[in-house]
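# Remarks on the overall topology
This is what each chain is made of:
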Amino acid sequence: MEKFRESPLEISREEFRKTGYQLIDSVSDYLDSINSLRVTLGETPVELQKVIGNSSFPDEGSSAQEILSRASGLLLRHSLLNGHPRFMGYITGSPSPIGALADLLATAVNPNVGANILSPIATEIEKQTIRWLAELIGVSPAYGGLLVSGGNMANFTAFLAARTAKAPASIREDGISNSTQKLVVYCPVTTHIWIEKAAVLFGLGSKAIRWIQTDSDNIMDNKALEQTIQSDLKNGFMPLLVVGTAGDVSTGVVDNLAGIAVICKKYDLWFHVDGAYGLPAIIIPELKPLFNGIADADSIALDPHKWLYSPLEAGCTLVKDPGHLVGTYSFHPAYYNFDTADGVQNYYEYGLQNSRGFRALKVWLTLQQAGRRGYEKMIGEDIRLSKLLFEKAKEHPELEAMTQNLSITTFRYVPLNYDKDNDQKEAYLNKLNELLVNELQQGGELFLSNAVINGRYCLRACIVNFRTSEKDIEDIVEIIVREGRKIHNRIRESGKL
Ligand SMILES: Cc1ncc(COP(=O)(O)O)c(C=O)c1O
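Here goes a summary of the coordinates provided.

Reading the values: rules and limits
Residues numbered from 1 in each chain as written. Predicted model: local features only at pLDDT ≥ 70, side-chain atom pairs only at ≥ 80, totals over all residues. Heavy atoms only, no water. Near = heavy atom within 4 Å. Polar contact = N/O pair within 3.5 Å; in protein donor to acceptor, adjacent residues only side chain to side chain. Areas by Shrake-Rupley, 256 points an atom, 1.4 Å probe, with all protein chains shown as cover. Pairing = 2+ DSSP bridges. Helix = DSSP H or I, 4+ residues; strand = E, 2+ residues; numbered from the N terminus. Axes fitted to C-alpha atoms, helices over the stretch in contact; angles between N-to-C directions. Contact = heavy atoms within 4.5 Å. Patch = residues over 30% accessible without salt bridge, like charges linked within 9 Å, V, L, I, M, F, W, Y side chains within 5 Å. Salt bridge = Lys/Arg side-chain N within 4 Å of Asp/Glu carboxyl O. Phe/Tyr/Trp six-rings, centres within 6.5 Å; stacked < 30°, edge-to-face > 60°. Buried < 20%, exposed > 50% of the residue type's maximum accessible area, 1.4 Å probe, protein only. Lys NZ or Arg CZ within 6 Å of the ring centre and 35° of its normal.

This part takes up the site of the ligand. Looking at the ligand, there are 15 residues lining it, with Gly151, Asn152, Asp274, His305 and Lys306 nearest. Here an oxygen atom of the ligand sits 2.8 Å away from a polar atom, N or O, in the main chain of Asn152. Within the side chain of His305, an N or O atom sits 2.9 Å from an oxygen atom of the ligand. Against a free-state accessible area of 390 Å², the protein chains account for coverage of 83% of the ligand.

As structure tokens, then:
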């Protein structure tokens, strides 16, 4: 009698071992040589389409070994490498190698972490991960939450919980369009664009966002915040929540969280902290006071795939009273036979997803491999290197240092002997630096992104990368100046911007 059904997707033990070992060999070689590779080959979509070919969906299947070895060749040769020591663009952490192994294990077992009964041990591991994240940032371990795909989702998950908690209860059934209350939310002008998506998604509309100005240090002006709340109350609006940022996306500034907490208490508003990027820096003892007030947050967004070096995707929502998550996301259709007794946690009741993968495993293992000391060391070094870059930019006659906060440095290229009285100076420098960012991003020697600060187009280096070294910082300064000169000379010679 046949023992197993024949299936085109089954892989024998021997084949799995052989194919798996080959893949592990390739990935080990890649990780070992990452420092000597280019960050990107800068290939165009058309070039890459040629590489993968344009064959139709195949009628017949192929051998696992063959297709996996081709896929590893494609990915290892043609990717932009955010684990490269000179990747400092946007905010994606260099991924922990243990996270890659964790994903293999997680997907081999494939627990559905939507319901406890479908993922008994995985649910407990995610619960422990959430507790450790709360401990890491120094808030009460009574905060509850869940892992989500990233910062946008972490903020959305909290935003809707805030709406449930603070808006009239009738909205849940009658919808926002039948409410007489005009709900409004408050955030600094530096807030990441997730807030607009959330306002649209959850029915408030983007006009419900009150963008509060920042002071000369880029910190939300809490006086202006309070005045705006008062004026809204006078005009019949219903204030709902205030967002404070713990590390803004452009310059890494942390708002005065303690001040926001006081205002939220006074007006009975939900206090949400977007710490997707910057909050892990609280682990550095000297920086802890910068985050005072975090323990008063009703909800917090924190991304392990940014400064906790987990591979994508891993965001986290923490809520002081997790009952607000359950009150928002828990429904009980007849086709769910899920135990909801005390102490049994079903993650579908905590967020927007129903079926959920086991993203907690890579975070859990990464947290354990590094430990508190490991994070203090890595995050501390990232900050030190970011400051070093700022100092080098300050010293260099062709660079203008702009800002330095947490591990984000912004600066720009300014040619020597540049006609400073020229009316067009700022417009020219903006264009020159925009061209420079584009050129550097394609060049493959390093990868930076940009920020616009007081109308000035700047280069922005965000170091959330445990591989970056002092030598990288020295080298990138030289590369940037060399490329800046080239572009400036090219423009001068051609007479065209
Ligand atoms: C402060 C902040 N919030 C939210 C996000 C969005 O995160 P994600 O890209 O993971 O959705 C970012 C991304 O850089 C961020 O810096």
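Resuming the write-up.
Read from one edge of the open sheet, 7 strands run β1-β7-β6-β5-β4-β2-β3, paired in mixed fashion. Each edge of the open sheet is held by one strand with a lone partner, namely β1 (144–148) and β3 (209–212). Going across the sheet, the axis of each strand differs from the next one's by a mean of 20 degrees, ignoring polarity. Summarising the sheet, strand β2 (residues 182–188) and strand β4 (residues 237–245) pair through 5 bridges and their orientation is parallel. For Val184, the partnering residue across the bridge sits in β4 and is Pro239. Across the sheet, helix α5 (residues 120–136) is in contact with β1, β6 (299–302) and β7 (315–319); its angle to β1 comes to roughly 110 degrees. Sheet contacts for helix α8 (residues 194–201): β2, β3, β4 and β5 (270–274); angle to β3, the most-contacted strand, approximately 160 degrees.

By the element assignment, Ile473 lies in helix α15 (residues 470–494). Excluding residues within four positions of it along the chain, Ile473 makes contact with Met88, Leu385, Leu388, Leu389, Ile463 and Thr468.

To continue, consider a nonpolar patch on the surface. Taken together, the side chains of Phe16, Ile24, Leu101 and Leu104 present a nonpolar region at the surface, about 380 Å² in accessible area. Elements with a minimum of two residues in the nonpolar patch: α1 (13–33) and α4 (97–109). Within the secondary structure, Phe16 sits in helix α1.

This part takes up the packing of aromatic side chains. Within the structure shown, the criterion is met by 14 aromatic pairs. Seen from their ring centres, Phe159 and Trp194 are 6.5 Å apart, and the 80 degrees between their planes marks the pair as edge-to-face. A residue pair is termed long-range when its members are at least 10 positions apart, and Phe159 in helix α6 (residues 151–166) and Trp194 in helix α8 qualify at 35 residues. For Trp194, a relative accessible area of 1% puts it in the buried group. Grouping aromatic residues by their ring pairs yields a cluster made of Phe156, Phe159, Trp194 and Phe202. When the ring centre of Phe237 is taken as origin, the NZ or CZ atom of Lys182, which lies over that ring, is 4.6 Å away. Sitting over the ring of Phe237, Arg210 keeps its end group 4.7 Å from the ring centre.

Before going further, it helps to examine the pattern of salt bridges. All chains considered together, the criterion is met by 27 salt bridges. In this structure, Arg373 engages Glu376 in a salt bridge whose closest nitrogen and oxygen atoms are separated by 2.9 Å. A residue pair is termed a helical-turn pair when its members lie 3 or 4 positions apart in one helix, as Arg373 and Glu376 do in helix α13 (residues 360–395) at 3 residues. What makes Glu376 partly exposed here is its relative accessible area of 26%. Glu398 is paired through a salt bridge with Arg485; the nearest N and O atoms lie 2.8 Å apart. Taken as a pair, Glu398 in the loop between α13 and β8 (399–405) and Arg485 in helix α15 lie far apart in primary sequence, 87 residues in all. The network of salt bridges with shared partners includes Glu400, Arg412, Lys425, Glu426 and Arg456.

Functional significance is not addressed by these values, which are geometric in nature.
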